[in-house]
Amino acid sequence: FYLSPHLNFFEDSILVHFNNSFFKLNGELWPFTEDNLITIKENELKPHNFAIQNKDQFLQIVNTSSDLSDALIEFQQINLPALANIIELDTVLRSGLLTGKIRLEDPFDNLQADVDLQLSEIQVFDMDCDSISIDAFYNKAKKRVDIAAYLDDSNYDLFAKGSYDLRPDLLNPVQLDIDVN
């Protein structure tokens with residue numbers, strides 16, 4: 001990747017702009033939007049038009065509140081095998097597209113994350129799957145992750161719902177219900 005950050009110190013904030021910057025993933029260029037900007041102020045991070053794109057695939061970070069602390073990470077049609085190649089899982093994950101959103105609230109003090117993902121056209125090893133939907137919610141104060149996942153295929157359906165409790169004193173931190181049709 002090639003990053004060319006330009007920092008501007010303004011009053012109590014730092015403004016960061018990436019000039020002519022890009023990531024290179026599997027030989028493909030993912031340039032940053034030209035007018036990208038990130039404002040950093042104390043415990044606040046505000047992105048403006050901060051995105052990278054390669055053809056139909058994109059990832060962007062958007063500020064979702066007036067206090068600058070909440071963010072939305074959106075991605076569209078991300079080629080999963082290209083990402084799997086980075087961690088050497090490309091022989092396992094042979095095809096698939098990822099679309100979704102991750103909402104972050106109060107990430108600096110009391111993080112809450114709401115994840116909504118859709119995977120489509122998936123092939124893991126030699127098994128094809130039409131789609132997988134995943135919804136998850138993390139709450140730092142409650143030290144818990146709630147998750148629901150739905151696998152939809154012409155041959156079978158699977159629904160899983162559960163939670164993972166992050167408190168260290170629990171004997172059984174995982175609760176999971178699975179329904180297969």
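## What about the sheet that holds strand β13 (residues 144-152)?
- Pairing in this open sheet of nine strands is antiparallel, and the strands run β7-β8-β9-β10-β11-β12-β13-β14-β15 from one edge to the other. Because the sheet does not close on itself, it has two edges, and the strands there are β7 (50-54) and β15 (174-180). Each adjacent strand pair in this sheet contributes to an overall mean axis angle of 10°, direction not counted.
- Bridge count between β13 and strand β14 (residues 157-165): nine bridges; the pairing is antiparallel. In the strand pairing of β14, D146 is matched with S163.

## Comments concerning the nonpolar core
- Counting residues in hydrophobic clusters, the biggest one holds 25 residues, and the most contacted among them are F18, F75 and L98.
- Where this core is concerned, the elements lending two or more residues are β2 (13-18), β7, β9 (71-79), α1 (80-86), β10 (93-105), β11 (112-124) and β12 (127-139).
- If you tally residues by element for this core, the top one is β11, at five residues.
- Excluding residues within four positions of it along the chain, F75 makes contact with F58, L59, L98, T99, G100, K101, I102 and L117.

## Quick notes on the pairing of β7
- Among the five residues of β7, four are classified as buried, and the element is accordingly described as predominantly covered.
- The sheet contact formed by β7 and strand β8 (residues 57-63) spans five bridges and is antiparallel. Within β8, the residue paired with I52 across the bridge is L59.
- Hairpin connection of β7 to β8: two residues between the antiparallel strands, including K55 at a positive phi of 55°.

## Remarks on the side chain of H17
- If you trace the backbone, H17 turns up in strand β2.
- Look at H17 and you get buried, because its relative accessible area is 18%.
- Within the local environment of H17, its side chain forms a polar contact with the side chain of N19, the two groups lying 2.7 Å apart.
- There is a polar contact of 3.5 Å between the side chain of H17 and the backbone oxygen of E34.
- Look past the residues within four positions of H17 in its chain and what remains in contact with it is S4, P5, H6, E34, D35, N36 and L37.

## Focus on a nonpolar patch on the surface
- Residues Y164, L166, V174, L176, I178 and V180 make up a contiguous nonpolar surface patch of about 560 Å² in total accessible area.
- Inspection of the secondary structure assignment puts I178 in strand β15.
- Among the residues examined, I178 registers a relative accessible area of 55% and is labelled exposed.

The rules behind these values
Residues numbered from 1 in each chain as written. Predicted model: local features only at pLDDT ≥ 70, side-chain atom pairs only at ≥ 80, totals over all residues. Heavy atoms only, no water. Pairing = 2+ DSSP bridges. Helix = DSSP H or I, 4+ residues; strand = E, 2+ residues; numbered from the N terminus. Axes fitted to C-alpha atoms, helices over the stretch in contact; angles between N-to-C directions. Core = buried A, V, L, I, M, F, W, Y, C linked by side-chain atoms within 4.5 Å. Buried < 20%, exposed > 50% of the residue type's maximum accessible area, 1.4 Å probe, protein only. Contact = heavy atoms within 4.5 Å. Polar contact = N/O pair within 3.5 Å; in protein donor to acceptor, adjacent residues only side chain to side chain. Patch = residues over 30% accessible without salt bridge, like charges linked within 9 Å, V, L, I, M, F, W, Y side chains within 5 Å. Areas by Shrake-Rupley, 256 points an atom, 1.4 Å probe, with all protein chains shown as cover. Salt bridge = Lys/Arg side-chain N within 4 Å of Asp/Glu carboxyl O.

Interpretation note: all reported values are geometric properties and have no functional meaning in isolation.
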